[in-house]
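# Report on the structure
The chain contents come next:
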Amino acid sequence: MNIVVCIKQVPDAKDVRLDPETNTLAREGVESIMNPYDRHALEEAVTLKEQHGGTVTVISMGPPQAEDVLREAIACGADQALLVSDRAFAGADTWATSYTLAKAIETLGNVDLTLCGKQAIDGDTAQVGPGIACRLGLPFITCVQKTRQSSSESITVERMMDDGFDVIQVPFPALLTVVKDINEPRVASLKGKMKAKKVKIPTLSADDIKAEPQNLGLAGSPTQVVCVFSPEARGDRTLFSGTVEEQVDQLVQELKAHF
Amino acid sequence: MLKIDCDKCIVCGICESTCPFDAIHVEEDCVVVNDNCTLCGACVDNCEVEALSIEVADKKVQDDFADWAGVMVFGECRHGAIAPVTYELLGVGRKLADTRGVALSVVLLGKNIAGYSDSLIAGGADYVYLAEHDGLEQFREDVYGHVLEGIIRGKKPEIVLAGATAIGRSVIPFVATLIDAGLTADCTRLEIRESDGMLLQTRPAFGGNIMATIVCPDTRPQMATVRPKVMAALEFDGSRVGSVESIDVQPNAVSSKIEILETVVSDQEQVNIQEVETLVAGGRGLDSAKGFELIRELADELGAAVAASRAAVDAGWIPYPHQVGQTGKTVNPKVYIACGISGAIQHAVGMQSADIVVAINRDPNAPIFDFATYGIVGDLYDVIPALIKRIQEVKSES
Ligand SMILES: Cc1cc2nc3c(=O)[nH]c(=O)nc-3n(C[C@H](O)[C@H](O)[C@H](O)COP(=O)(O)OP(=O)(O)OC[C@H]3O[C@@H](n4cnc5c(N)ncnc54)[C@H](O)[C@@H]3O)c2cc1C
Ligand SMILES: Nc1ncnc2c1ncn2[C@@H]1O[C@H](COP(=O)(O)O)[C@@H](O)[C@H]1O
């Protein structure tokens, strides 16, 4: 079974802030990490490979340093990695990103299963997985929380819904996006770490994936960010004072009208 | 590409210090950009001598751009009921349509759905499009996607809104890709830009630490998803008039490779924290699963439901459906009582639109107080029992 896992390098979202003076992202102290959901996608791929044989290829579109997450993925069980990197990709929104990744996946030929994380924690959009599936003409299932059964022909999974879950079967080739409940990712093995150090990671450019320039990066992105700003706090608070009983009494006084 | 005009550059270094990606560096008499550049534009905005600009290769312009008009809502029904988010979308959709002077429509896919038309019109729709077919009874991404694609191509709305629900977040990105439209996920604010009638779509990014406003200048429709409970539904108005049209669904449109074997409705607590007027929420400050017993006691006293921060959910004290915030649910109750919750922005984005927020926290500097209407600084294990006692007294007085 040939499996592709799409992995994004993201800034650790909890550290990202706007500098109040310049209104730009403050970069100090922000680490780049593997998108947490993609770690679970990778784990699922490695587990399936262990059951059915085949290869796990991890692929990332990003700047040269995105190679770091690909090496980490190799350490955690992926067989090979591809970096899709070109200045022409800069500024891509999810439309252009899914185009680029789909083009890159096409260069691999026979792929049975493509796995993505549910969403990337920098944008939280959850749009790239379905976008890739659309471009490759694959049936897809989002928010998979469990693999119930798999064979070399098809997979049966649970898809998280707002009010429970659906049990769904889909034949290969297919694309799935996964949530964190699906598995517990393993830690990198020593052997994996050794391999990750040595492995050669080929870089694919826009030409290598035969991409149309007008579909790439900022030019290919239908959405445009007009401005970014910090969320505002509300300004109407009352802090009570006194003993606990006094404070509680004031609160109940205020709330009375609402019950 | 980032264009650098070295004649203008005064090597002041502002761009280097404002670049979030470490992509631009000062050299001897100019700056150079490296492959980390994401064209985010921070340097361009901050360059005082206008030495930087972003050059975009020619964009494709959609040929029939001008033909698209009207606002369309993707309505959802599951298990025999319209999802409340549909009415919320009609609420915001109505405002957008009125501002643009265009019609508001809603599309519904499913089986036996004709009975919903009246309430959709009462909820604000001018047109109801019903795609009825046995094959649409269950939600399947590809089938819903292709049917919706057909309707959008046929009706050509300039704006398409959908719920950021499990269904919406799955099928809408697929549809947007099929029709090459821009899509913005999880919008918290939607408005029309006066200068050019463009849809301004505002959404949180980076787990809520930052808000971004997005436009789709060159493609139609402009597509957006909105989380449940973010927008307000209109008052039902039975006197509103609208028309209903059924959409022909071809048999081949409902064939799919996906097979739904079973649908399981969660038997976990049925209380939906998005549907109640009062919520009592607990966080890490409770210190243990037992703390939720106290929270529940207060909730019962107020006829409220129980919510939680992610820290409490991650600790296993309460299941995920109770989680409020960026990765949990957005709630919009009348009263939200946060107990032992620090008020991290990822939590706050899910509850800050509550009419009244009460914060109980022993740390006077906890950020939750910035979101609070009323705050009590104290140990929740003192405050909550006192509060319960006082509420009981007041109840027995009246
Ligand atoms: C991408 C991303 C997404 C996230 N999504 C969510 C989300 O959806 N929802 C969410 O909630 N979080 C989310 N988080 C996590 C969020 O950043 C916080 O870590 C989390 O909300 C903290 O939960 P807490 O307030 O319960 O715990 P803490 O931050 O540990 O706060 C506990 C508070 O309790 C107070 N306290 C302790 N003991 C007592 C006592 N006896 N009496 C009174 N007060 C007491 C303390 O002063 C403190 O303020 C997300 C984070 C990231 C990075
Ligand atoms: N630049 C990228 N490179 C590789 N995979 C990506 C990239 N962007 C998104 N993905 C994949 O798509 C998923 C959803 O991302 P998003 O739509 O950005 O929330 C992620 O979890 C990844 O699996």
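For the structure given in this document, a descriptive report is provided here.

The rules we used
Residues numbered from 1 in each chain as written. Chains lettered and ligands numbered in written order. Predicted model: local features only at pLDDT ≥ 70, side-chain atom pairs only at ≥ 80, totals over all residues. Heavy atoms only, no water. Helix = DSSP H or I, 4+ residues; strand = E, 2+ residues; numbered from the N terminus. Buried < 20%, exposed > 50% of the residue type's maximum accessible area, 1.4 Å probe, protein only. Contact = heavy atoms within 4.5 Å. Axes fitted to C-alpha atoms, helices over the stretch in contact; angles between N-to-C directions. Parallel < 35°, antiparallel > 145°, perpendicular 65-115°, else oblique. Left-handed = near helix turned anticlockwise from the far one by under 90°. Nonpolar A, V, L, I, M, F, W, Y, C, P; charged D, E, K, R; others polar. Phe/Tyr/Trp six-rings, centres within 6.5 Å; stacked < 30°, edge-to-face > 60°. Lys NZ or Arg CZ within 6 Å of the ring centre and 35° of its normal. Right-handed = clockwise from strand over helix to strand, strands pointing away. Near = heavy atom within 4 Å. Polar contact = N/O pair within 3.5 Å; in protein donor to acceptor, adjacent residues only side chain to side chain. Areas by Shrake-Rupley, 256 points an atom, 1.4 Å probe, with all protein chains shown as cover. Buried area = accessible area lost by both parts, 1.4 Å probe. Salt bridge = Lys/Arg side-chain N within 4 Å of Asp/Glu carboxyl O. Pairing = 2+ DSSP bridges. Disulfide = S-S within 2.5 Å.

## Things to note about the overall build of chain A
- Within chain A, the secondary structure is distributed over six helices and 13 strands.
- Principal-axis analysis of the C-alpha atoms gives chain A an extent of 70 × 45 × 40 Å.
- Looking at the 259 residues of chain A, the share that counts as buried comes to 53%.
- Partitioning the intrachain contacts of chain A with sequence separation of at least 6 by distance along the chain shows that 70% fall at a separation of at least 24.

## Here we look at the packing of helix α6 (residues 244–255) of chain A against helix α10 (residues 380–397) of chain B
- Their axes nearest at 9 Å, the elements α6(A) and α10(B) cross at an angle of 50 degrees. With respect to α10(B), the element α6(A) is oriented oblique. Considering only the axes of α6(A) and α10(B), their crossing is right-handed. Residue-level contacts link Val244(A), Glu245(A), Val248(A), Asp249(A), Leu251(A) and Val252(A) of α6(A) to Asp382(B), Val383(B), Ala386(B), Leu387(B), Arg390(B), Ile391(B) and Val394(B) of α10(B).
- Class assignment of the residues belonging to the contact of α6(A) with α10(B) gives a composition of nine nonpolar, no polar and four charged.

## Points about the packing of aromatic side chains
- Evaluation of the coordinates by the stated rule reveals six aromatic pairs over all chains.
- Ring geometry for Phe240(A) and Tyr374(B): centres 5.6 Å apart, planes at 15 degrees, overall stacked. Residue Phe240(A) is found in the loop between β13 (238–239) and α6, and its partner Tyr374(B) is found in strand β22 (residues 374–377); the two belong to separate chains.
- Tyr374(B) gets classed as buried once you look at its relative accessible area, which sits at 11%.
- Ring plane angle 15 degrees and centroid distance 6.3 Å describe the contact between Tyr127(B) and Tyr129(B), whose orientation is recorded as stacked.
- Judged by relative accessible area, Tyr127(B) falls into the partly exposed class, the value being 36%.
- On the accessibility criterion, Tyr129(B) (8% relative accessible area) is buried.
- Positioned above the aromatic ring of Tyr37(A), the side-chain terminus of Lys180(A) is 4.9 Å from the ring centre.

## A word on the pairing of strand β18 (residues 278–282) of chain B
Residue and element names in this part refer to chain B.
- In terms of burial, β18 is a largely internal element, five of the five residues being buried.
- Both faces of β18 are covered, namely the face carrying Thr278, Val280 and Gly282 and the face carrying Leu279 and Ala281.
- Following the chain from β18 across helix α7 (residues 291–302) to the adjacent parallel strand β19 (residues 305–308), one finds a crossover that is right-handed.

## Digging into the site of ligand 1
- The full set close to ligand 1 counts 26 residues, and Arg284(B), Ser309(B), Thr327(B), Ser342(B) and Asn361(B) are the nearest of them.
- Ligand 1 is flanked by residues contributed from chains A and B.
- In the model, a nitrogen atom of ligand 1 is placed 3.4 Å from a nitrogen or oxygen of the Gly285(B) main chain.
- For ligand 1, whose unbound accessible area comes to 980 Å², protein coverage reaches 84%.
- Those elements that provide at least two residues to the shell around ligand 1 are α8 (310–314) and α9 (345–348) of chain B.

## A short note on the interface of chain B and chain A
- The partner chain A presents 86 residues to the 100 residues of chain B that form the contact.
- Summed over both sides, the interface between chain B and chain A buries roughly 8100 Å², with carbon and sulfur atoms accounting for 60% of that surface.
- Joining chain B to chain A, the criterion identifies six salt bridges.
- Residue Arg159(A) is joined to Glu141(B) by a salt bridge in which the shortest nitrogen-to-oxygen separation is 2.6 Å.
- At the junction of chain B with chain A, the criterion picks out 30 residue pairs in polar contact (both at pLDDT 80 or more).
- With nine residues, helix α6 (residues 166–178) of chain B is the largest single contributor of residues to the side of chain B that touches chain A.
- In terms of residue class, the side of chain B that touches chain A is made up of 53 nonpolar, 26 polar and 21 charged.
- In terms of strand pairing, β13(A) meets β22(B) through two bridges, oriented parallel. In the strand pairing of β22(B), Leu239(A) is matched with Gly375(B).

## Digging into the side chain of Ser117(B)
- Of note, Ser117(B) is situated in helix α4 (residues 117–122).
- Apart from residues lying up to four places away in sequence, Ser117(B) is in contact with Val128(B), Leu130(B) and Val244(B).

## So, the site of ligand 2
Residues and elements named next belong to chain A.
- The environment of ligand 2 is formed by 18 residues, the closest being Cys6, Asp38, Ala120, Gln127 and Val128.
- Contact between ligand 2 and Ala120: an oxygen atom at 2.7 Å from a main-chain N or O atom of the residue.
- Backbone polar atom of Gln127 to an oxygen atom of ligand 2: 2.8 Å apart, as the coordinates give it.
- Compared with its free state, where it exposes 480 Å², ligand 2 has 97% of that area covered by protein.
- Of all the elements in the fold, those that place two or more residues in the shell around ligand 2 are β4 (55–61), α3 (94–106) and β6 (113–117).
- When residues in the shell around ligand 2 are grouped by element, the largest group, three residues, is from β4.

## Section: the state of the cysteines
- Tallied over the entire structure, the rule returns one disulfide over all chains.
- Paired by a disulfide, Cys6(B) and Cys30(B) hold their sulfur atoms 2.0 Å apart. The disulfide joining Cys6(B) to Cys30(B) has a torsion of about -85 degrees about its S-S bond and is therefore left-handed. Of the two residues, Cys6(B) sits in the loop between β1 (2–4) and α1 (14–18) while Cys30(B) sits in the loop between β2 (24–26) and β3 (31–33), which places them 24 residues apart along the sequence.
- According to the relative accessible area criterion, Cys6(B) is partly exposed, its value standing at 41%.
- The thiol of Cys227(A) is not disulfide-bonded; the next cysteine sulfur, from Cys187(B), is found 13 Å away.
- With no disulfide of its own, Cys187(B) lies 9.0 Å from the sulfur of Cys216(B), the closest cysteine sulfur.
- A relative accessible area of 0% places Cys187(B) in the buried class.

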